[in-house]
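# Secondary and tertiary structure notes
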Amino acid sequence: MLEKPRLLTALDILSGLMVLIAAGLVFYYAPVEQMMGQVQKVFYFHVATAWVGMLGFMAAGVAGVQYLRTDNEKWDIAGLGSVEISLVFFMVAIIMGSIWARPIWNTWWTWDPRLTTAAIVELIYAAYLLLRSGLDDPGKRARFSAIYAIFGFFSVPLTFISIRLLRTIHPVVIGGAEAASQGGFNMDDPMKTAFFFSLAAFSVFFADLLWHRIRLGKLQSEVNTLRIQSYEKES
Amino acid sequence: MFSRLFVPDTFDYMIAGYVVLSVVLSLYIASISLRWKKEAAKFRSYKEEG
């Protein structure tokens, strides 16, 4: 139970190396964007953290479906872990975006459709944790959380497509018709390499953290069972 | 050459962005590690009792 699997140690090392290589590519390989200067380098990890956030929210939705199908606690633990990690990454993406926006848009924050929907997503999933903390019955908590995670996920694609459907100042760098017209930029090959490697590195990092978080969740569940058994013995 | 002269100096903002990323993710990793240690101690203690 307490012994760390060798594969997890290997994943720790792999994810750490990949994030370091990604940072190396961002700082030493990708060129400085001429219109924005050094702050544009925030873009690589800003998108990667937002991507991991969305990936985790999707994983929580899938875990929710699986929990409702199987009634197996492991899916509840996986859903909680996914949401917790994604909340952290999505918050980092929002803060990094705000720091990037300050010199480029001349404001820390604006109620633009992308920023607004991203803030709503963050609040929806923060409420997921509040909902869990308000329910004492483990079965009811797991069921409600699963349903909440499934419905909560509908807010995520809305954030993704908001900059493609609505009038916004947030650039569409990937798949946008004319990035420069929206305050964005066109990526050259070294930029694309740094960008896609960052996405891959953070995806592996997410998998690594999720494994750790699921192990923690299982241990917490085991400790809880032992606590109840100990209490029953005493009484 | 002309455009290079006018690249804005936004270095501090870049550093701020990466400091936020490093601090928040480090705190989260530390929180997982601390919670694991706490639960592992409880687990051992219940196992010894039982």
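Definitions and limits used
Residues numbered from 1 in each chain as written. Chains lettered and ligands numbered in written order. Predicted model: local features only at pLDDT ≥ 70, side-chain atom pairs only at ≥ 80, totals over all residues. Helix = DSSP H or I, 4+ residues; strand = E, 2+ residues; numbered from the N terminus. Buried ≥ 20, exposed ≤ 12 C-beta atoms within 10 Å, placed from the backbone. Contact = placed C-beta atoms within 7 Å. Nonpolar A, V, L, I, M, F, W, Y, C, P; charged D, E, K, R; others polar. Axes fitted to C-alpha atoms, helices over the stretch in contact; angles between N-to-C directions. Parallel < 35°, antiparallel > 145°, perpendicular 65-115°, else oblique. Left-handed = near helix turned anticlockwise from the far one by under 90°. pLDDT = per-residue confidence, 0-100. Core = buried A, V, L, I, M, F, W, Y, C linked by C-beta atoms within 7 Å.

## Some points on the overall build of chain A
The secondary structure content of chain A amounts to 7 helices and 0 strands. Secondary structure elements of chain A, listed N to C terminal, follow the sequence α-α-α-α-α-α-α. In terms of overall dimensions, chain A has C-alpha extents of about 70 × 40 × 30 Å along its principal axes. Counting over 235 residues, chain A shows a buried share of 39%. A fraction of 75% describes how many contacts in chain A between residues 6 or more apart in sequence connect residues 24 or more apart.

## A closer look at the interface of chain A and chain B
Counting residues at the interface gives 29 residues for chain A, matched by 25 residues for chain B. Here the element with the most residues in the side of chain A that touches chain B is helix α7 (residues 189-234) of chain A; it accounts for 10 residues. Counted by class, the side of chain A that touches chain B contains 18 nonpolar, 6 polar and 5 charged residues.

## Remarks on the packing of α7(A) against helix α2 (residues 11-49) of chain B
The N-to-C vectors of α7(A) and α2(B) enclose an angle of 30°; their axes lie 9 Å apart at closest approach. Compared by their axis directions, α7(A) and α2(B) come out roughly parallel. The element α7(A) and its partner α2(B) pack so that their crossing is left-handed. Residue-level inspection shows A:His212, A:Arg213, A:Leu216, A:Leu219, A:Gln220, A:Glu222, A:Val223, A:Leu226, A:Arg227 and A:Ser230 of α7(A) in contact with α2(B), the latter providing B:Ile32, B:Arg35, B:Trp36, B:Glu39, B:Ala40, B:Lys42, B:Phe43, B:Tyr46 and B:Glu49. For the contact of α7(A) with α2(B), a count of residues per class yields 9 nonpolar, 3 polar and 7 charged.

## Points about the confidence of the model for chain B
For chain B, per-residue confidence averages 90 on the pLDDT scale, and 90% of positions sit at 70 or higher. Two summary scores accompany this predicted model of the complex, namely pTM at 0.92 and ipTM at 0.91.

## Looking at the environment of A:Leu131
Residues and elements named next belong to chain A. Along the chain, the position of Leu-131 falls in helix α4 (residues 113-133). On the neighbour-count criterion, Leu-131 (13 C-beta atoms within 10 Å) is partly exposed. Not counting residues up to four positions away in its chain, the partners in contact with Leu-131 are Phe-144, Ser-145 and Tyr-148.

## Let's talk about the nonpolar core
Membership of the largest hydrophobic core comes to 62 residues, with the highest contact counts inside it found for A:Val42, A:Met96, A:Trp100, A:Ala149, A:Ala194 and A:Phe206. Contributing elements (two or more residues each) for this core: α1 (6-29), α2 (42-70), α3 (73-105), α4, α5 (138-152) and α7 of chain A together with α2 of chain B. In this structure A:Met96 touches A:Val42, A:Phe45, A:His46, A:Thr49, B:Gly17, B:Val20 and B:Leu21, once residues within four positions along its chain are discounted.

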